[in-house]
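Fold and contact review
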Amino acid sequence: MGSQPINLAIRFLLELTALAALAYWGWTQHDGLLRIVLAIGLPVFAAVLWATFAVPDDPSRSGKAPVPVPGIVRLVLELAFFAFAAWALFDAGNTAASLILAVVVVIHYAVSYDRIAWLLKQ
């Protein structure tokens, strides 16, 4: 299921939602220039980490790994990314959005059990 096209599309939408959540959180935390820096910089930093540290030949990605890491490291990076995004929504006062994001992420990873097993073997 982890490489099924609909599941990959959901994963991509989750990634975009998490990046938007980080931007929103950055925007709500400060005023002035720091607000803009956080709203732009935090999602860019997270996206760079997401794209850089990968497992070689990951079937859910292009297979390219700029910085190859073991599967468990990639799994922890992904879970930390989504957990931080859910927390950011909660901290910004959007409890319902935070809960929805967290639940959809958990369901997505449950459905992607084959990918998780693959990551743990790498």
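Residues numbered from 1 in each chain as written. Predicted model: local features only at pLDDT ≥ 70, side-chain atom pairs only at ≥ 80, totals over all residues. Heavy atoms only, no water.

Now for the nonpolar core. Grouped together as the largest cluster of nonpolar side chains are 20 residues, with contacts concentrated most on Leu22, Phe81, Phe82, Ala85, Leu101 and Val105. Looking at this core, the elements that each hand over two or more residues are helix H1 (5-29), helix H2 (32-52), helix H3 (71-91) and helix H4 (95-111). In terms of residue count, the dominant contributor to this core is H3 (seven residues). Excluding anything up to four places from it in sequence, Phe82 contacts Leu14, Glu15, Ala18, Trp50, Val105 and Tyr109. (Core = buried A, V, L, I, M, F, W, Y, C linked by side-chain atoms within 4.5 Å. Buried < 20%, exposed > 50% of the residue type's maximum accessible area, 1.4 Å probe, protein only. Helix = DSSP H or I, 4+ residues; strand = E, 2+ residues; numbered from the N terminus. Contact = heavy atoms within 4.5 Å.)

What follows is about the packing of H1 against H2. One can describe the packing of H1 onto H2 by two numbers: an axis separation of 7 Å at closest approach and a directional angle of 150°. Classified by the angle their axes make, H1 and H2 are roughly antiparallel. The crossing of H1 and H2 is right-handed. When H1 is examined against H2, the residues Arg11, Glu15, Leu19, Leu22, Ala23, Trp25, Gly26, Trp27 and Gln29 are found in contact with a partner set consisting of Arg35, Ile36, Leu38, Ala39, Leu42, Pro43, Ala46, Ala47 and Trp50. Taken together, the residues that form the contact of H1 with H2 break down as 13 nonpolar, two polar and three charged. (Axes fitted to C-alpha atoms, helices over the stretch in contact; angles between N-to-C directions. Parallel < 35°, antiparallel > 145°, perpendicular 65-115°, else oblique. Left-handed = near helix turned anticlockwise from the far one by under 90°. Nonpolar A, V, L, I, M, F, W, Y, C, P; charged D, E, K, R; others polar.)

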